[in-house]
Amino acid sequence: MKKFILGLFVLTSLSLTTACSSDDDDNTSSNIEGAWKLTAWNVSGSSYDLNNDGTASTNLLEEMNCYNNETIVFNNNVATYMTTSYADIYAELVAGSTSDYVYTIECQDEVSNSPASYSVNGNTVTITTTYEEDGTIYEVILLATLNGNTLSFVLEEGLYIEENVGFDVIVEQDLTLVFTKL
């Protein structure tokens, strides 16, 4: 899970794309500048009760205390993604059930700042960054949608939950991250 979350942060800091009409280029460019806070971790179709309080949600940030201060700051063609934690999410099958799980979330403190370049073309913001893993350099480009004061992008198979026993992957689902301008 840590590698997924680290990859998520790298992807997030690498690129964002947004779509606007070309007559709003200057307005969009100025709208992206500033700080944006992570406000939702949305899944579609399924909801989860990760905090085991009896209420499931499609916004997983409502289900955990991790990722409370994650921000992206756009300034002078540099996008900096600032993280303070990541989550390891595990599930254990409820005794006597074949589909009900009790979840465990382990929030791990980890402060990181990941700078990336970005450009604005209409409502499209493209963020590009590189990172190295095991001696190989990777380039990541992420596309996001700007809609008023929100910026969102989809991470394919971004939600990753392992089973406590055996560590089998029980969930790999697309995850939409939503940031709101501060």
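Keep in mind that what you see is a predicted model, and the values were worked out from it rather than measured. (Residues numbered from 1 in each chain as written. Predicted model: local features only at pLDDT ≥ 70, side-chain atom pairs only at ≥ 80, totals over all residues. Heavy atoms only, no water.)

Participant: Would you mind going over the pairing of strand S5 (residues 124-133) with me for this structure?
Facilitator: For a regular strand, the rule is simple: side chains alternate between the two faces of the sheet. Looking at chain direction, strand S4 (residues 101-121) and S5 are connected through five bridges and run antiparallel. What sits directly across from Val120, in S5, is Val125. Counting the residues in the hairpin turn of S4 and S5 gives two residues, including Gly122, whose phi is positive at 65°. Both S5 and strand S6 (residues 136-143) contribute to a ladder of eight bridges, which runs antiparallel. Its bridge partner lying in S6, Thr130 is registered against Glu139. (Pairing = 2+ DSSP bridges. Helix = DSSP H or I, 4+ residues; strand = E, 2+ residues; numbered from the N terminus.)

Participant: Would you take a moment to explain the side chain of Glu162 for this structure?
Facilitator: Relative to the helices and strands, Glu162 is located in strand S8 (residues 150-163). When near neighbours in sequence (up to four residues on either side) are disregarded, Glu162 contacts Ile89, Tyr90, Ala91, Phe167, Asp168 and Val169. (Contact = heavy atoms within 4.5 Å.)

Participant: So what exactly am I meant to see when it comes to a negative patch on the surface here?
Facilitator: Taken together, the side chains of Glu156, Glu157, Glu172 and Asp174 present a region of like negative charge at the surface. Of all the secondary-structure elements, those providing two or more residues to the negative patch are S8 and strand S9 (169-181). By the element assignment, Asp174 lies in strand S9. Residue class for Asp174 comes out partly exposed when judged on its relative accessible area of 37%. (Patch = residues over 30% accessible without salt bridge, like charges linked within 9 Å, V, L, I, M, F, W, Y side chains within 5 Å. Areas by Shrake-Rupley, 256 points an atom, 1.4 Å probe, with all protein chains shown as cover. Salt bridge = Lys/Arg side-chain N within 4 Å of Asp/Glu carboxyl O. Lys, Arg positive; Asp, Glu negative; His and termini not counted. Charge placed at Lys NZ, Arg CZ, Asp CG, Glu CD. Buried < 20%, exposed > 50% of the residue type's maximum accessible area, 1.4 Å probe, protein only.)

Participant: Can you walk me through the environment of Glu62 in this structure?
Facilitator: Looking at the secondary structure, you find Glu62 in the loop between strand S1 (34-42) and strand S2 (71-75). Accessibility expressed as a relative area gives 53% for Glu62, which makes it exposed. In sequence terms Glu62 and Asn42 are 20 residues apart; their C-alpha atoms lie 9.8 Å from each other. Setting aside anything within four residues of it in sequence, one finds Glu62 in contact with Asn51 and Ser57. A polar contact is formed between the side chain of Glu62 and the side chain of Ser57, at a distance of 2.8 Å. (Polar contact = N/O pair within 3.5 Å; in protein donor to acceptor, adjacent residues only side chain to side chain.)

Participant: What am I meant to see in the pairing of S4 here?
Facilitator: Note that strand S3 (residues 78-93) and S4 share 15 bridges and pair antiparallel. Looking at S4, one finds that Tyr81 is bridged to Ser114.

Participant: What's the story with the nonpolar core in this structure? I'm lost.
Facilitator: In a soluble, globular protein the nonpolar side chains are often hidden away together inside. In terms of nonpolar packing, the biggest core is built from 37 residues, with Trp41, Met64, Tyr67, Phe74 and Phe179 touching the most fellow members. When contributions to this core are tallied by element, the ones reaching two or more residues are S1, S2, S3, S4, S5, S8 and S9. In terms of residue count, S3 provides more of this core than any other element does, six residues in total. (Core = buried A, V, L, I, M, F, W, Y, C linked by side-chain atoms within 4.5 Å.)

Participant: Can you walk me through the packing of aromatic side chains in this structure?
Facilitator: Here the distance between the centres and the angle between the planes together describe a pair of aromatic rings. Scanning all chains against the criterion turns up seven aromatic pairs. Consider the rings of Phe74 and Tyr118, whose centres lie 5.0 Å apart with planes at 85°: the pair is edge-to-face. Here the residue Phe74 occupies a position in strand S2, and Tyr118 occupies one in strand S4, the gap between them amounting to 44 residues. Pairwise contacts between aromatic rings join Tyr48, Tyr101 and Tyr103 into one cluster. (Phe/Tyr/Trp six-rings, centres within 6.5 Å; stacked < 30°, edge-to-face > 60°.)

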